[in-house]
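Now for the letters of each chain:
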Amino acid sequence: MSYVVKSPVSLKASIKLPASKSICNRALILNALSYSPYEIRNLSDCDDTEVMVKALNSNDRDFDIKAAGTAMRFLTAFLSKVVGEWTITGTQRMKNRPIKILVDALNSLGARVEYMEKEGYPPLRIFGSALQGGEISLAGGVSSQYISALLMIAPLMEKGLTLHLEGAIISKPYINLTLQLMEQYGVKADWSGQTIKVRPQDYHPIPFTVESDWSAASYWYSMMALSKNAEIELLGLFKNSLQGDAAGAKLFAQLGVGTTYTDRGVILKHNGNRTKKLNYNFVNEPDLAQTFVVTCVLLNIPFRFTGLQSLKIKETDRIEALKTELCKLGYLLTDSNDSILEWNGERCEPQAHPVIATYEDHRMAMAFAPVALVVPEGIEIADPQVVSKSYPHFWEDLKKAGFIIIDNG
Ligand SMILES: O=C(O)C1=C[C@@H](OP(=O)(O)O)[C@@H](O)[C@H](O)C1
Ligand SMILES: C=C(OP(=O)(O)O)C(=O)O
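Residues numbered from 1 in each chain as written. Chains lettered and ligands numbered in written order. Predicted model: local features only at pLDDT ≥ 70, side-chain atom pairs only at ≥ 80, totals over all residues. Heavy atoms only, no water.

## Some details on the UniProt feature "domain: Enolpyruvate transferase" (unreviewed entry) in the chain
Point 1. Listed under "domain: Enolpyruvate transferase" (unreviewed entry) in the UniProt record, and renumbered for this structure, are residues 7-57 and 62-398.
Point 2. Along residues 7-57 the backbone is 47% helical and 12% strand, and the end-to-end C-alpha distance reaches 42 Å.
Point 3. Here residues 62-398 is 28% helix and 22% strand, with 37 Å between the C-alpha atoms at its ends. (UniProt positions renumbered as here; feature names shortened; annotations may be inferred. Helix = DSSP H or I, 4+ residues; strand = E, 2+ residues; numbered from the N terminus.)

## Some words on the site of ligand 1
Point 1. Of all residues adjacent to ligand 1, which total 13 residues, the nearest are S22, R26, S143, S144 and D287.
Point 2. At 2.6 Å, a side-chain N or O of R26 approaches an oxygen atom of ligand 1.
Point 3. The contact in question runs from an oxygen atom of ligand 1 to an N or O atom on the side chain of K314, over 2.7 Å.
Point 4. Relative to its free-state accessible area of 390 Å², ligand 1 is covered by the protein chains to the extent of 96%.
Point 5. In terms of residue count, the dominant contributor to the shell around ligand 1 is helix 1 (residues 21-33) (three residues).
Point 6. Partitioning the shell around ligand 1 into residue classes produces two nonpolar, seven polar and four charged.
Point 7. A domain-level breakdown of the shell around ligand 1 finds at least three residues from each of domain 1 (2-18 + 212-407) and domain 2 (21-198). (Near = heavy atom within 4 Å. Polar contact = N/O pair within 3.5 Å; in protein donor to acceptor, adjacent residues only side chain to side chain. Areas by Shrake-Rupley, 256 points an atom, 1.4 Å probe, with all protein chains shown as cover. Nonpolar A, V, L, I, M, F, W, Y, C, P; charged D, E, K, R; others polar. Domains from an automatic or database assignment.)

## So, the environment of Q254
Point 1. Along the chain, the position of Q254 falls in the loop between helix 8 (248-253) and strand 12 (257-261).
Point 2. Q254 sits in the partly exposed class, given a relative accessible area of 35%.
Point 3. For the pair Q254 and T275, spaced 21 residues apart in sequence, the C-alpha to C-alpha distance is 5.5 Å.
Point 4. When sequence neighbours within four positions are dropped, the list of residues in contact with Q254 reads N273, R274, T275 and L278. (Buried < 20%, exposed > 50% of the residue type's maximum accessible area, 1.4 Å probe, protein only. Contact = heavy atoms within 4.5 Å.)

## Considering the packing of helix 1 against helix 5 (residues 144-153)
Point 1. At a minimum axis distance of 10 Å, the contact between helix 1 and helix 5 shows a crossing angle of 20°. Here helix 1 lies roughly parallel to helix 5, going by the angle between them. Handedness of the helix 1/helix 5 crossing: right-handed. Every residue of helix 5 that contacts helix 1 at R26, I29, L30 and L33 is listed here: S148, M152 and I153.
Point 2. When its residues are assigned to classes, the contact of helix 1 with helix 5 shows five nonpolar, one polar and one charged. (Axes fitted to C-alpha atoms, helices over the stretch in contact; angles between N-to-C directions. Parallel < 35°, antiparallel > 145°, perpendicular 65-115°, else oblique. Left-handed = near helix turned anticlockwise from the far one by under 90°.)

## Here's the deal with the packing of aromatic side chains
Point 1. In the structure shown here, the tally under the stated rule is 14 aromatic pairs.
Point 2. Ring centres of Y3 and W395 lie 5.4 Å apart, and the angle between their planes is 85°; on these two criteria the pair is classed as edge-to-face. Taken together, the residues Y3 in strand 1 (residues 2-6) and W395 in helix 12 (residues 394-400) connect sequence positions 392 residues apart.
Point 3. The exposure class assigned to Y3 is buried, which follows from its relative accessible area of 16%.
Point 4. With 5.2 Å between their ring centres and 75° between their planes, Y391 and F394 make a pair best called edge-to-face. For the pair Y391 and F394, a shared accessibility class is recorded, and that class is buried.
Point 5. The side chain of R61 reaches across the aromatic face of W86, ending 5.2 Å from its centre.
Point 6. Above the ring of Y331, the side-chain terminus of R347 is found at 4.1 Å from the ring centroid. (Phe/Tyr/Trp six-rings, centres within 6.5 Å; stacked < 30°, edge-to-face > 60°. Lys NZ or Arg CZ within 6 Å of the ring centre and 35° of its normal.)

## Details of the nonpolar core
Point 1. Among the nonpolar cores identified, the biggest contains 74 residues, and W220, L234, F368 and W395 are the most heavily contacted of them.
Point 2. The element contributing the most residues to this core is helix 7 (residues 214-226), with 10 residues.
Point 3. Not counting residues up to four positions away in its chain, the partners in contact with W220 are A13, I15, L17, I232, L234, L268, Y391, D397, L398 and A401. (Core = buried A, V, L, I, M, F, W, Y, C linked by side-chain atoms within 4.5 Å.)

## Comments concerning the layout of surface pockets
Point 1. Of the voids in this model, the largest pocket is the one considered here, and its volume is about 580 Å³.
Point 2. Lining the largest pocket are 24 residues, with L28, N31, A32, L56 and N57 sitting closest to its centre.
Point 3. Mapped onto the lining of the largest pocket, the elements with two or more residues apiece are helix 1, helix 2 (47-57) and helix 3 (69-79).
Point 4. If you add up the space inside the second largest pocket, you get close to 280 Å³.
Point 5. In terms of lining, the second largest pocket is formed by 17 residues, of which the most central are A352, P354, V375, E377 and G378.
Point 6. Those elements giving two or more residues to the lining of the second largest pocket turn out to be strand 1 and strand 19 (379-382).
Point 7. Taken together, the residues of the lining of the second largest pocket sort by class into 10 nonpolar, three polar and four charged. (1 Å grid on protein atoms, 1.4 Å probe; cavity = no way out; pocket = protein on both sides within 12 Å on 5 of 7 lines; lining within 4 Å. Points joined across faces, edges and corners; volume = space filled by probe spheres on them.)

## Some words on helix 6 (residues 172-184)
Point 1. The first and last C-alpha atoms of helix 6 sit 19 Å apart over 13 residues, in line with the 18 Å expected at 1.5 Å per residue.
Point 2. In the core, the buried residues of helix 6 are packed alongside helix 1, helix 5, strand 9 (190-192) and strand 10 (195-198).
Point 3. Positioned one or two residues after helix 6, G186 has a phi angle of 90°, which is positive. (Expected span 1.5 Å × (residues − 1).)

What follows is the structure, encoded as structure tokens:
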């Protein structure tokens, strides 16, 4: 299946963005750990949140969390402290996304988690029991989700938890997000340098409403950056967001998009600024990298993006995927050190009728959709349904904004 996406005559939209799946999936765990009587408001209907809701509400012992990294990591930790025997699996790709650092950590804190197939990867068999906790060291440079997963169950461990993070810490804002939400549910932690400490404490339930997703907002910022005339309002976003990807607004100011905050969201306007080259370290906002790579080449702005080391173990190897798909459009990117992606303006022969492959990665589909604004015949995107991982209504929202979307079967 593929969609051909064509530019609107004029791009005008007021969009209710999906709720942040990162916040939803933390709030679901914290609601469960606090035995909350409250239903979370504005919960996303995206796949990654639906698999969490289903797992937490079911009487099953075997869970399939599909492609959701957060659900795999958070539930592995959560289930290891719920008495019983559980299994957890996911898509073929999930079976190749590493989880050893988390499993080793849990096992040394008193849990029993075993591999069912390949050592170091899902699926897992989990024998849940009360956890002792204590003091451990773990690498901070592979995925922050391991750290968030441990932190959320930490106050319920007998001795609490002291985590010494080794080496560089990637995706820090997501660890902050976890700690801030834990604090809203009444649990305090201390983070100083490379060490995070959580004493034994109880969670306290609260009514909770989820903010809109700043990562999803980035695709609309990209469309604004690529349009001559556009009016875009995004609802449910806040300036003082808990989400690290809110940093995208500042970065897009260098690509010509200004942000005005209102009491119901943001309004995007052209600000007349456009940098000649963009250098940025995405270590804190890895999910924004694809948006900026595609937007920059289309604006003819050379870039050097560093801090991309986690992109290789996400929904797909995003560095390879970006290079391959942009080559189809005539842009030659180079990568180095497994963590740097650059474009110095080099071009290659574009394909006559490119079809953008999406590699089961929602962000490949969404980052490439704005290409429609610069290519008169539009852009064909394969397997467009992948967006349901985080933004199920993405294509409907594009239609509302005036895009023409043709289902090519
Ligand atoms: O904790 C989270 O909600 C997330 C953390 C990040 O992953 P890594 O920590 O693996 O970089 C991010 O890429 C992912 O989309 C969501
Ligand atoms: C990396 C992502 O998700 P996850 O790791 O939770 O599967 C993402 O949404 O870009």
